[in-house]
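Chain by chain, the residues:
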Amino acid sequence: MGKKLFVLLVILMSLSLIGIIFVQGYWIKTSVDDKEDQFSMNVSLALTSVADEIQNRETKLFIERLINSDIDSLEPTIKSIKQLFLKGIDQKTNQPYIYSNEIFEEDFGYSPLFENSLDSIQLKRYYNISTFTTEGTDVIDNTRINSSQENISKIRRLSDLDKAMFMTTYKDVIKSFPITRRTSVEEIKALLSKELKERNLDLAFEFGVYSDALATKIRSENFEIAKRNQYSTPLFTDNDNKSEYDLIVSFPNKKRYLISSIIVMVVLSIAFTLIIIIAYSSALLQLLRQRQISEIKTDFINNMTHEFKTPIATINLALDSVKSPKIMADPKKLEHYLKVIREENKRMHAQVENVLRISRLEKNQLNISKERLDAHDLIEDAITHVLLIVEDKGGYINEHLNAERSDILANDVHFTNILVNILDNAVKYSEGPPKIDVFTEVVKNSIVIKIQDQGIGMSKAVLKRAFEKFYREHTGDIHNVKGHGLGLAYVKKIVEDHQGEVYAESEKGKGSTFYIKLPLI
């Protein structure tokens, strides 16, 4: 996968994830807003119902007392308000007739309406009387009655007019009463509880009745006026549809109630969003790992053969030296170069198995047998592997083996390999002739092997990751320093398996120093 395609894919996936999170957040906010709107509407309807029930109860009581008052025992003053007379001849009987229709008012004076009250109201009653008279027969509402020269009248009460009059009278008179005589804390509390429960709003509330922004005695114990989470409705409207009282209700736990109503959906939404985030992070991590593996694979394919350059170059130099008549004539030197060729051939084979070793070490499948060995002998053996290349480049390897004791418990092959790896890196990362010094010293009950070079060095960031598997610092072109990033990881694993520790010091442009600390026998 190309770098541009990879970056584009990551950007698209990130934007998609951000979009999903944004949509989820917007959905949660919208749900809360919808619940709040629904809550407000239900509360407003409940308050309106409570106000109507209180006023209807008061109106009903007023009218019942008015109707049940003993007005029939009073002598009313009767006067006519409207009169209508019609005279004509019946077209069917040819008899003359007289039709009259009158509205009368009965005034009963003043009568009390409420118990234990000094307030009173003037009561009046209205009647409609209609009369249809002929010479021999009276007809009232199309019903013929035989009565000789007798006027029969039918009286009908003006119920609609009475009702309107009662309501107008009630609203004008009752508004002079104090609020404490018109309702009570218990009544409002009971009605509010009933109306809220009918609308599935089962939560705590506080209420109060205010008159022109002033508190009245009709209020719950913990009610406090505030601007938020409160709802109001007019109470006891007059004939002009105005009211001097407001019923105000507050809900201290409103936010908790709204959240609890959608908590299941919110939790599920957050859970699924987290799953998506985790899945995305895992997918992105896998992509990065796959990309890294792809790069490692490419580097490995391009560079693995170059890992043989050191042993092959050493073998070529040894063969060139063997061809020399001077060397051929010297059996000791000939044997030395043949030994170098044999050792480098082994090292080539060891390079092939380097990757397999790391894999086995990761899985703890590599069984390393150890024996008593002299660390100085192992160091000299490792130096032999790279000495010809160093000398060919005009460099040197100086030995400062000053440790008084050097016996360690180690594996010959693996420990030699880690020393060769460090020495080989010192050669690779030297811009000029390699200049390498190897020191040993005893610190308490351990031997410390110090390999110091004067190469290009490492930055602090690179030094922190130097012993990580597959990590390599590229110094420009990918092919200028060959390797697959396993050398120092292999070193760390082997040293730790020997109950030792390895670390490095380096400064860019001033070289590097590697320390290997192993317990002495």
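Residues numbered from 1 in each chain as written. Predicted model: local features only at pLDDT ≥ 70, side-chain atom pairs only at ≥ 80, totals over all residues. Heavy atoms only, no water.

Asker: Report on the overall build of the chain, specifying residues and quantitative values.
Answerer: Check the secondary structure of the chain and you find 14 helices and 17 strands. In the chain, which comprises 521 residues, the share counted as buried stands at 38%. A total of about 31,100 Å² of accessible surface is found on the chain, and carbon and sulfur atoms cover 54% of it. (Helix = DSSP H or I, 4+ residues; strand = E, 2+ residues; numbered from the N terminus. Buried < 20%, exposed > 50% of the residue type's maximum accessible area, 1.4 Å probe, protein only. Areas by Shrake-Rupley, 256 points an atom, 1.4 Å probe, with all protein chains shown as cover.)

Asker: Which residues make up the side chain of N421, and what are the values?
Answerer: With respect to the helices and strands, the residue N421 is situated in helix α12 (residues 412-428). Residue classification places N421 among the buried residues on the basis of a relative accessible area of 13%. If sequence neighbours within four positions are ignored, N421 has contacts with G487, Y490 and V491. (Contact = heavy atoms within 4.5 Å.)

Asker: So, the sheet that holds strand β14 (residues 435-443): which residues are in play, and what are the values?
Answerer: Taken together, the five strands give an open sheet; going across it, the order is β12-β14-β15-β17-β16, and neighbouring strands pair in mixed fashion. In this open sheet, the two edge strands, each paired with only one partner strand, are β12 (396-401) and β16 (501-507). The average angle at which neighbouring strand axes cross in this sheet is 15°, direction not considered. As paired elements, β14 and strand β15 (residues 446-453) share eight bridges and run antiparallel to each other. (Pairing = 2+ DSSP bridges. Axes fitted to C-alpha atoms, helices over the stretch in contact; angles between N-to-C directions.)

Asker: For the packing of α12 against helix α14 (residues 487-497), give the residues involved together with the corresponding values.
Answerer: The geometry of α12 relative to α14 is characterised by a closest axis approach of 9 Å and an angle of 145° between their N-to-C directions. Between α12 and α14 lies a crossing of left-handed hand. Where α12 approaches α14, its residues H414, N417, I418, N421, I422 and N425 are matched on the opposing element by G487, L488, Y490, V491, I494 and V495. Grouping the amino acids of the contact of α12 with α14 by side-chain chemistry returns seven nonpolar, five polar and no charged. (Left-handed = near helix turned anticlockwise from the far one by under 90°. Nonpolar A, V, L, I, M, F, W, Y, C, P; charged D, E, K, R; others polar.)

Asker: Outline the packing of helix α7 (residues 309-323) against helix α11 (residues 375-392), supporting the account with residue identities and numerical values.
Answerer: Where α7 meets α11, the axes come as close as 9 Å, and the angle between the chain directions of the two elements is 75°. Classified by the angle between their axes, α7 and α11 sit roughly perpendicular to one another. When α7 is examined against α11, the residues T310, T314 and L317 are found in contact with a partner set consisting of H385, L388, I389 and D392. Each residue belonging to the contact of α7 with α11 can be placed in one class, and the counts come to three nonpolar, three polar and one charged. (Parallel < 35°, antiparallel > 145°, perpendicular 65-115°, else oblique.)

Asker: Could you give an account of the pattern of salt bridges, naming the residues involved and the relevant values?
Answerer: Counted by the stated rule, this structure contains 13 salt bridges. The salt bridge involving D33 is made with K29; its shortest N-O contact spans 3.1 Å. On the criterion of helical spacing, the pair formed by D33 and K29 is a turn pair, its members being four residues apart in helix α1 (residues 3-68). In this structure D33 comes out as partly exposed when scored by relative accessible area, which is 29%. E507 is the partner of K510 in a salt bridge, and the nearest nitrogen-oxygen pair spans 3.5 Å. With relative accessibility at 58%, the residue K510 sits in the exposed group. (Salt bridge = Lys/Arg side-chain N within 4 Å of Asp/Glu carboxyl O.)

Asker: Which residues make up α7, and what are the values?
Answerer: Structural remark: α-helix, 3.6 residues per turn; residues separated by three or four positions point the same way. Counted at 1.5 Å a residue, the expected span for α7 with its 15 residues is 21 Å, and the 21 Å between its end C-alpha atoms agrees. Within α7, burial applies to T310, P311, T314, I315, A318 and V322. Across the axial projection of α7, the buried residues extend over an arc of 130°, all falling on one side. Facing away from the buried surface of α7 by more than 90 degrees, the exposed residues are K309 and K323. (Expected span 1.5 Å × (residues − 1). Arc of directions from axis to C-beta.)

Asker: Give a detailed account of the sheet that holds strand β7 (residues 206-211), specifying residues and quantitative values.
Answerer: Spatially, the four strands line up as an open sheet ordered β8-β7-β10-β9, and their pairing is antiparallel. Each edge of the open sheet is held by one strand with a lone partner, namely β8 (214-219) and β9 (230-235). Strand-to-strand, the axes of this sheet are offset by a mean angle of 30°, without reference to chain direction. Note: β7 against β8, three bridges, orientation antiparallel. Across the sheet, residue Y210 finds its bridge partner in β8, namely A215.

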